[in-house]
Amino acid sequence: MINFFSYTYASFVKILLFNTHMKSNKSILKLFCFSFCCCFSNFNSFSQNKLKLAVDTITTSNDNIILYDDKSWEYLPVVKRKNYLKAFADTSSIFTKNWKNSTFAYKDKFPPDSVLITYLDDQDKYVIPVIDRINSGFKLRNGTFHKGLDIHLTRTTPVKAAFNGKVRYARFNTGGYGNLVIIRHFNGLETYYAHLSRLDVKEDQLVQAGKVIGLGGNTGVKWSGPHLHFEVRYHDFAFDPEKIFSIKDSVLLGDKILLKKADFHSVIAASRKYHRIKSGETLSYLAVRYNTTVSKILKINPKLNINSIIGIGMKIRVR
Ligand SMILES: [Zn+2]
C-alpha cells in the first residue's frame, strides 16, 4: 500500500512540475484531468501490479509527449502557441499602450539612452521577410535619410512577418509607403513592410513569425520596380535592420541587441536642417521658404524668441 501512495504521489508531483510550463486555465484544467487519470491509472496499475510513473516530457510544437518508466509513452496535447500569444497580446502593455492605426503611434520626442531588445524566448522565433539582394541600404540618400532596406523581389514574392506580433497598420499609405503593413512585436520592436501589391492581413490581427502578410510590389513609388522597403523601429525611431538581421546570410545576429542613442542618431541628424542668415532675411522669410511657421522655428531654437535680433551669419535650425 505504501508503494501505491508513493507512486501516485510521485506521479502527481511530476505532472504538477511538468505543468508549471503551461500558461493558461485550459492547461490547468487539462492538468487536473490528466493528474486524475494518472492517479486512477496508477490505482489500476497497482491492482494489476503494473505501476507506471511519468518520468519525462518531450515538448513538440503543439503537443507534449509523456514518457513513462515502463518505456511506454503518450501524447498530451497542450495549449497551442497561438492561444498563448493571444492571451499575452490581449493583456500586455506592449499592445495596449500607444496602439493606433496610424503610421507612427508613439509620442516620444527623443530616442531612449539605451534599450535592450531580446528577440527570442521559448515562445518566439524569427523569419527573414524576403531573402534576396539589397538594392539600397539604411543611409542618407539624395539629401534625405532612407530609413530602411530596399530588398529586391517580384510581384509574386510572398513577404513574411519577421517575428510574432500583432498587425497595427495594414492599408494604403499616401505618404509614399504605398500598401503598408506595420507589425508590433512581442519584443517591443515594430517592423514596416512597404510597397506591397497585395495585403494578406488585417489590422489587429495576431501573426506568427513567417506568416505571409502580402505580396511584393511597387505601390507608392513612381520610378522603381518592385522591392520591399523594410524598416525596423523602436517607439517610432528607425534604426538599421542589418543590426538585427543579415539578409544576405539569412540569419538573426545574436539573440538580443542593446540599442543606444547613437543607433538612432544618423536619422535624427539627417532630418535636421539649418540655414545661415543673409542680409534682409527674417524669421517670416525662413518660415515661407522652408514651408514651416515662425512658432515652429522658435520651438526648435530654444535660444531664440520672437524679439530676438536675427543677425547676418546666424545659423538657425529650420527643420
Ligand atoms: Zn526604401
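Residues numbered from 1 in each chain as written. Predicted model: local features only at pLDDT ≥ 70, side-chain atom pairs only at ≥ 80, totals over all residues.

K.L.:
How should I be thinking about the overall build of the protein chain in this particular structure?
P.N.:
Scanning the protein chain for helices and strands turns up seven helices and 22 strands. By residue count, 25% of the 319 residues in the protein chain fall in the buried class. (Helix = DSSP H or I, 4+ residues; strand = E, 2+ residues; numbered from the N terminus. Buried ≥ 20, exposed ≤ 12 C-beta atoms within 10 Å, placed from the backbone.)

K.L.:
Teacher, can you tell me more about the pairing of strand E20 (residues 256-260) here?
P.N.:
On a regular strand, one side chain projects to one face of the sheet and the next to the other, so that they alternate. Residue alternation in E20 divides its side chains into a buried set, Ile257 and Leu259, and an unburied set, Lys256, Leu258 and Lys260. Bridge count between strand E4 (residues 114-118) and E20: five bridges; the pairing is antiparallel. Looking at E20, one finds that threonine 118 is bridged to lysine 256. (Pairing = 2+ DSSP bridges.)

K.L.:
Which parts of the structure should I look at to understand the sheet that holds strand E9 (residues 158-160)?
P.N.:
Pairing between the strands of a sheet comes from backbone hydrogen bonds, and it takes one of two forms, parallel or antiparallel. Taken together, three strands build an open sheet; the order of strands is E9-E15-E13 and the sheet is antiparallel. If you trace the sheet from one side to the other, it starts and ends with E9 and strand E13 (198-199), each paired once. Pairing geometry for E13 and strand E15 (residues 212-215), over two bridges, is antiparallel. Among the inter-strand pairings, arginine 198 is bridged to a residue of E15, identified as leucine 215.

K.L.:
Would you mind showing me how to read the environment of phenylalanine 245 here?
P.N.:
Within the fold, phenylalanine 245 resides in strand E18 (residues 245-246). The contact partners of phenylalanine 245, leaving out residues within four places of it in the chain, are Ile128, Leu252 and Leu253. (Contact = placed C-beta atoms within 7 Å.)

K.L.:
Help me understand the nonpolar core in this model?
P.N.:
In globular proteins that are soluble, nonpolar side chains generally tend to be buried together. Counting residues in hydrophobic clusters, the biggest one holds 28 residues, and the most contacted among them are Ala161, Phe163, Leu180, Val181 and Tyr193. Mapped by element, the contributors of at least two residues to this core are strand E8 (149-152), strand E10 (165-173), strand E11 (178-185), strand E12 (190-196) and strand E16 (227-234). (Core = buried A, V, L, I, M, F, W, Y, C linked by C-beta atoms within 7 Å.)

K.L.:
Before we go on, may I ask you to explain the environment of lysine 299 in this structure?
P.N.:
Topologically, lysine 299 is positioned in helix H7 (residues 294-300). With 12 C-beta atoms counted inside 10 Å, the residue lysine 299 sits in the exposed group. Put simply, lysine 299 and valine 318 are 19 residues apart on the chain and 10.0 Å apart in space, counted from C-alpha to C-alpha.

K.L.:
Help me understand the environment of glycine 210, please; the structure alone is not making it clear to me.
P.N.:
Along the chain, the position of glycine 210 falls in the loop between strand E14 (206-207) and E15. Taking the C-beta count within 10 Å as the criterion, glycine 210 has 17 such neighbours and is therefore assigned partly exposed. Distance in space between the C-alpha atoms of glycine 210 and valine 159 is 8.5 Å, their sequence separation being 51 residues. The contact partners of glycine 210, leaving out residues within four places of it in the chain, are Val127, Lys160 and Ala161.

K.L.:
So what exactly am I meant to see when it comes to the confidence of the model for the protein chain here?
P.N.:
A low pLDDT means the predicted coordinates there should not be read in detail. This prediction gives the protein chain a mean pLDDT of 80; 76% of its residues lie at or above 70. Note on residues 1-50: pLDDT under 50 across the span, and 46 contacts to partners over four residues away in sequence or across chains. (pLDDT = per-residue confidence, 0-100.)

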